Amino acid sequence: MTGEEKFQVDLEGYLVIKNILTDDEVAEMNDIIDNGDRQGPPSLWGEPFKRLIDHPKILPYLVELLGQHVRLDHDYAIFMEKGQGRGGLHGGEDGGRAGGRVGDHWYKYRDGHMRNGLSVMTYNLVDAPAGAGGFACIPGSHKCNFPTEIPQEVRRFERPAHYVAQPPVEAGDVLFFTEALIHGTMPWAADHERRSLLYKYSPGHSAWSGNYYDISKYDGLTEQQKRMLMAPSVGRRPPVIEVG
């Protein structure tokens, strides 16, 4: 990560990482989606989606933000047609005061290092320009002390608020955000279908999902990918990236 990227994550709780997927990769994934049944986690939809588990351009961000023992906790896709809604603003590091999960949605900085609990890499397969809807958040709210004071009409996107942002993204971009950030899904306003793949990661000792990955369902996993799909543990857990 560059110094400016670290500044942005610490300041706002999210980061748009440009041009991670090539046009050919985006086209290949969209073709598979067009001809598939969209059932189950995207990581099982074929080789192009499996490669996202530890995408070489994204893995350094994961190690920087979640540590050497980062693991994929779960993954799913979001598809939305014009006018469709999904969910209001939620999440945040609230210590349980507003229904948050103590010990899971958190952001910490110490001695020059950022560390996050459950975090998301969102692979965007279509453009989501300003005003299109989709992912929205309250920048900086990963360090907010008054999350319960957000009015419900703002949380439900019934009343615009200047502090709620919908970051524009293009097909091929990846949007990172920590679940400590207050975020949600605005109604989709674009004419084309929204297509986003959410790969959610946790530190090696932590889990959000109670259903761990069964690697027997995957063909041809690399050793690194197998480490990424390990159940949570501490003990002698190997680092994701082998050294030497």
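Reading guide: rules and limits
All residue numbers here refer to positions counted from 1 along the written sequence of the relevant chain. Selection of residues for local features in this predicted model requires a pLDDT of at least 70, selection of side-chain atom pairs for listing and counting requires 80 or more, and totals for whole chains, interfaces and linings are taken over all residues. With hydrogens and water set aside, each side-chain value is computed from the structure's full complement of heavy atoms. Strands here are runs of E lasting at least two residues and helices are runs of H or I lasting at least four, both read from the DSSP assignment and numbered beginning at the N terminus. To pair, rings of Phe, Tyr and Trp, with the six-membered ring standing in for Trp, must have centres within 6.5 Å; the planes then decide the type, stacked if under 30 degrees apart, edge-to-face if over 60, and tilted in the middle. Relative accessibility decides the category of a residue: with a 1.4 Å probe and only protein chains considered, values under 20% of the type maximum give buried, values over 50% give exposed, and everything between is partly exposed. Think of it this way: DSSP has to see at least two bridges between two strands before they count as a pair. Between N-to-C directions, angles span 0 to 180 degrees; the directions come from axes that are lines fitted to C-alpha atoms, helices contributing only their stretch in contact. Salt-bridge detection follows one rule: a side-chain nitrogen of Lys or Arg within 4 Å of a carboxyl oxygen of Asp or Glu.

Visitor: Is there a simple way to explain the environment of Q39 in this structure?
Guide: If you trace the backbone, Q39 turns up in the loop between α2 (23-34) and α3 (47-50). Q39 sits 38 residues away from A77 along the chain, and the two C-alpha atoms are 9.4 Å apart.

Visitor: Even after reading the chapter, I still don't get the packing of aromatic side chains, so can you show me in this structure?
Guide: To describe a pair of aromatic rings, you give the distance between the ring centres and the angle between the ring planes. Under the defined criterion, the tally for this structure stands at 5 aromatic pairs. With a centroid separation of 5.4 Å and 75° between ring planes, the pair formed by W45 and F49 is classed as edge-to-face. By relative accessible area, F49 is classed as buried at 0%. Considering the side-chain rings of F135 and F177, the 4.7 Å spacing of their centres and the 35° angle between planes classify their relative orientation as tilted. With F135 in strand β7 (residues 134-137) and F177 in strand β8 (residues 174-178), this residue pair connects regions lying 42 residues apart in the sequence. F177 matches F135 in its accessibility class, with the two residues each being buried.

Visitor: What exactly am I supposed to notice about the sheet that holds β8 here?
Guide: Working definition: the strands of a sheet are paired by backbone hydrogen bonds and lie parallel or antiparallel to each other. Strand order in the open sheet formed by 5 strands is β1-β8-β6-β10-β2, with antiparallel pairing between adjacent strands. Each end of this open sheet is capped by a strand with a single partner; those strands are β1 (14-17) and β2 (71-80). Here the average twist between neighbouring strands, direction ignored, is 20°. Direction of pairing for β1 relative to β8: antiparallel, over a ladder of 4 bridges. Residue pairing across strands places I17 opposite V174, the latter belonging to β8.

Visitor: Could you clarify how one ought to interpret the sheet that holds β7 in this entry?
Guide: The strand order β3-β9-β7 describes an open sheet built from 3 strands, whose pairing is antiparallel. The two strands at the open ends of the sheet, each matched to only one other strand, are β3 (87-90) and β7. The average angle at which neighbouring strand axes cross in this sheet is 30°, direction not considered. Alignment of β3 against strand β9 (residues 183-186), held across 2 bridges, turns out to be antiparallel. Along β9, the bridge assignment pairs G87 with T185.

Visitor: So what exactly am I meant to see when it comes to the pattern of salt bridges here?
Guide: Side chains bearing opposite charge may pair, as long as their charged atoms lie close to each other. Overall, the coordinates contain 16 salt bridges when judged by the stated rule. With a shortest N-O distance of 2.9 Å, R71 and D73 are connected by a salt bridge. Like D73, R71 is buried. Measuring nitrogen to oxygen at the nearest pair gives 3.7 Å for the salt bridge that ties E153 to R159. On the accessibility criterion, E153 (31% relative accessible area) is partly exposed.

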